[in-house]
Amino acid sequence: MASQPATLLIVDDEPQVRKLLETLLQHEGYQTLSASSGEEALQLVARQPPDLILLDIMMPGMDGYEVASQLKGDETTAGIPIIMLSALSEPSARVSGLETGAEEFISKPVERVELWLRVRNLLRLKERGDLASHSRELTQRQIGMSVHDLAHQSLENDLRQAVARNDFTVHYQPKVEVPSGRICALEALLRWERPEYGAVSPAVFIPILESLGLIVPVGRWVIEQVCQQIAEWQRGAIGPVEVSVNVSGHQLIEGDLIADIARTLARTGVEPHWLEVELTEGSLMENTQHTIASLQRLHAMGVKISIDDFGTGYSSLAYLRRFPIDTLKIDIAFIREVTSNPQDAAITRTIIELAHSLSLRVVAEGVETQAQLAFLKEAGCDQIQGYLFSRPLPVETLERLLLERLESP
Amino acid sequence: MPHILIVEDNEANMRLARLLLVNAGHTVLWAADAETGLTLAREQQPALILMDIQLPGMDGLAATALLKRDPLTAHIPVIALTAMAMKEDREKTRLAGCDAYIIKPLRYKELYQVIDTLLQQHIRPLT
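Residues numbered from 1 in each chain as written. Chains lettered and ligands numbered in written order. Predicted model: local features only at pLDDT ≥ 70, side-chain atom pairs only at ≥ 80, totals over all residues.

## Some thoughts on the overall build of chain B
The condition is simple: Strands here are runs of E lasting at least two residues and helices are runs of H or I lasting at least four, both read from the DSSP assignment and numbered beginning at the N terminus. Two things to know: the radius of gyration comes from C-alpha atoms, and the globule rule equals 2.2 Å times the number of residues to the power 0.38. Any two residues are considered in contact once their C-beta atoms, placed from the backbone, lie within 7 Å.
Regarding its fold elements, chain B presents five helices and five strands. Listed by position from the N terminus, the elements making up chain B come as β-α-β-α-β-α-β-α-β-α. In terms of overall dimensions, chain B is globule-like: its C-alpha atoms have a radius of gyration of 13 Å, near the 14 Å expected for 127 residues. Of the contacts formed within chain B by residues at least 6 apart in sequence, a portion of 58% connects residues at least 24 apart.

As structure tokens, this is what we get:
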């Protein structure tokens, strides 16, 4: 963000809503202006163009749709991002809002994190000059697919409910040491059984949790579950097992991940080195200074750090050296065709050598065939996980597997 | 497999590029500055050159312009490695005679794709 704090214009006829938004936004370091009607808003914008506008749809006199159309129709104000606010959450309100050219839509009551995320995102896009393409894309998506939008809305609602009730489970996928074939660690994976639909892929619901600002509490819950589980195994016949947990970039930026982890480890009595956090390459690139500082604190505590999906992004060596990393996980896309695509094979070999030159462990995920395993073994990969050995398992099944392995070494 | 010359002053970038190229079966020559790069290009006749744009002393653009004026090296395809993503910068690499450019930090797949394309274009039938 620029050194000057961004100025946000709040347009709402209800004084208590204006007050609430002012407080929330000022707390995040923004300057605020307020208008109690559409007419007043247009005058204010003409006098002092803000960096972003939060615009209530239902107002007496000129409503939000009209204000947005006027502002977006005027060349001098079209570049100011608009977030529409409405108590109506039906897709039709959303679609009409976006048709006027508004960039985003938030339903009331406004949630702090959601507000903050959308504001921050739009200000960033504006700074980069990507706003036009963002709203074009959004409008097309929303108008062209209102059936899809309805389905999405209901999915969001179900997810909110699942979060409120902790309706998730954790499954564990074994990681196997390549030379010995021994189970050496586990990856914890979040599962959600949507009522009346069945299991929903994390690839679908995790991004929604992120956009709703709910990934922080859910992420915290997963870490608690995992630590309790390790503690339980530690006390029983299985013994302590290293478990990695996927962490979203949002948890590093919005929540206090480090404090959450420290507290949970202390409460459950799990030694930090049994826990590993997996972050994607992409999430490391965001907010780099803050991310490096957070990861250094985690690492200093003794928690291990792994880079997930490695190799698809800007995977430079200089940048790897800046982060306190223990493990690289080769992106599944390279493993899929490692035995048939020479480029993927070369990238896989490169990542393995790169990791070893930095004294890091390398894990290959998505291993499904003996031929892939043979390649990885020959290339010197340290650990594998994938259906060839085992799919992610519910706790009871996994425990049986771990105990069998203990009995027949 | 053909050999490839990397002209790059940053050791970490060079190591990564070399690893990627060696694993794809290329042999690799390395120069840490433009002058050495020019000499190696003339003497070793690499099949392709990866040229960092920001080099100490003579920069990569000036070096490419010299390569492209020299009948001994003019035929060798040059890929500019640039940290600059602006349109004007891309235009500069084109004017200097670069055949392609890659923005750093490099993406593994992209590097392979650009190299393969250029090498295929430059294989001339024997007459």
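Structure's up, so let's keep going.
## Comments concerning the UniProt feature "modified residue: 4-aspartylphosphate" (unreviewed entry) in chain B
Residues and elements named next belong to chain B. Here is the rule: UniProt positions are given in the numbering used here, feature names are shortened, and annotations may be inferred rather than shown by experiment. Buried means a residue has 20 or more other C-beta atoms within 10 Å of its own C-beta, exposed means 12 or fewer, and partly exposed covers the counts in between; C-beta atoms are placed from the backbone.
Under the local residue numbering, the UniProt record ascribes the feature "modified residue: 4-aspartylphosphate" (unreviewed entry) to D52. As for its placement among the helices and strands, D52 is situated in strand β3 (residues 48-52). Looking at D52, the number of C-beta atoms within 10 Å reads 26, which means it is buried. Discounting residues that sit within four places of it in the chain, D52 has contacts with V7, E8, D9, G60 and L81.

## Description of the interface of chain A and chain B
Put simply, the rule reads: Charged residues are taken to be Asp, Glu, Lys and Arg, nonpolar residues to be Ala, Val, Leu, Ile, Met, Phe, Trp, Tyr, Cys and Pro, and polar residues to be all remaining types, Gly included.
Of the residues lining the interface, 15 residues belong to chain A; the matching set on chain B comes to 13 residues. Residue assignment for the side of chain A that touches chain B shows that the elements contributing at least two residues are α14 (317-322) and α16 (342-357) of chain A. At seven residues, the largest contribution of residues to the side of chain A that touches chain B is made by α16 of chain A. Counted by class, the side of chain A that touches chain B contains seven nonpolar, six polar and two charged residues.

## Examining the UniProt feature "modified residue: 4-aspartylphosphate" (unreviewed entry) in chain A
Residues and elements named next belong to chain A. Following the UniProt record, the feature "modified residue: 4-aspartylphosphate" (unreviewed entry) maps to D56 here. Within the element layout of this structure, D56 appears in strand β3 (residues 52-56). A tally of 26 C-beta atoms within 10 Å means that D56 is categorised as buried.

## Structural notes on the nonpolar core
As a rule of thumb, soluble globular proteins bury nonpolar side chains together. As a reminder of what qualifies: Definition of nonpolar core: a set of buried Ala, Val, Leu, Ile, Met, Phe, Trp, Tyr and Cys residues joined via C-beta atoms within 7 Å.
Counting 103 residues, the largest nonpolar core has V7, M51 and I79 of chain B as the members making the most contacts within it. Counting residues in each nonpolar core, the second largest holds 31 residues, with L8, L55, I57 and L115 of chain A among its members.

## Quick word on the confidence of the model for chain B
Basically, it comes down to this: The score called pLDDT rates the predictor's confidence residue by residue, from a low of 0 to a high of 100.
Confidence in the prediction for chain B averages 89 pLDDT; 91% of positions are at 70 or higher. Predicted complex, confidence summary: ipTM 0.87, pTM 0.70.

## Focus: unusual backbone geometry
With a phi close to 50°, D309 of chain A is a non-glycine residue in the positive phi region. By secondary structure assignment, the location of D309 of chain A is in strand β11 (residues 304-310). Residue classification places D309 of chain A among the buried positions, given that 21 C-beta atoms sit within 10 Å. Positive phi, close to 45°, is recorded for Q45 of chain B, a residue that is not glycine.

## Quick look at the domain arrangement of chain A
What counts, and what does not: Domains are outlined according to an automatic or database domain assignment.
What the domain assignment lists for chain A is domain 1 (7-144) and domain 2 (161-407). Using C-alpha coordinates to define each centre, domain 1 of chain A is positioned 38 Å away from domain 2 of chain A.

## Some details on the sheet that holds strand β2 (residues 27-31) of chain B
All names here are of chain B. To keep it simple, the criterion reads: Each pair of strands is called paired provided DSSP finds at least two bridges between the two strands. Axis definition: a line fitted to C-alpha atoms, over the contacting stretch in the case of helices. Angles run 0 to 180 degrees between N-to-C directions.
Judged by pairing direction, the sheet is parallel, and its five strands sit side by side in the order β2-β1-β3-β4-β5 without closing on themselves. The strands lining the two open edges of the sheet, one partner per strand, are β2 and β5 (100-103). Sheet twist, expressed as the average angle between the axes of neighbouring strands with direction ignored, equals 20°. Here strand β4 (residues 78-82) runs beside β5; their pairing, made up of four bridges, is parallel. Looking at the pairing, A80 lines up with Y101 of β5.

## Here's the deal with the environment of D344 of chain A
Residue and element names in this part refer to chain A. With respect to the helices, strands and loops of the structure, D344 is situated in helix α16. Here D344 falls in the buried class, since 22 other C-beta atoms lie within 10 Å of it. Taking the C-alpha atoms as reference, D344 lies 8.2 Å from A333; in sequence the two are eleven residues apart. Setting aside chain neighbours within four positions, we find D344 in contact with F334, E337 and V338.

## Some remarks on the pairing of strand β10 (residues 275-280) of chain A
Residues and elements named next belong to chain A. With four bridges joining them, strand β9 (residues 242-246) and β10 adopt parallel strand pairing. Bridge pairing links N246 to E278 in β10. Two strands pair when backbone bridges link them, and β10 and β11 are joined in this way by five bridges, in the parallel orientation. Bridged to E276 within β11 is K304.

## Looking at the sheet that holds strand β2 (residues 31-35) of chain A
Residues and elements named next belong to chain A. What the five strands build is an open sheet, ordered β2-β1-β3-β4-β5; its pairing is parallel. The sheet is open, and its two edges are formed by β2 and β5 (104-107), each paired on a single side. Ignoring which end each strand starts from, the neighbouring axes of this sheet average 20° apart. Sheet topology note: the strand β1 (residues 7-11)/β3 ladder contains four bridges and is parallel. Directly across from L9, in β3, lies its bridge partner I53. Strands β1 and β2 of the sheet are contacted by helix α2 (residues 38-47), whose axis makes an angle of about 160° with β1.

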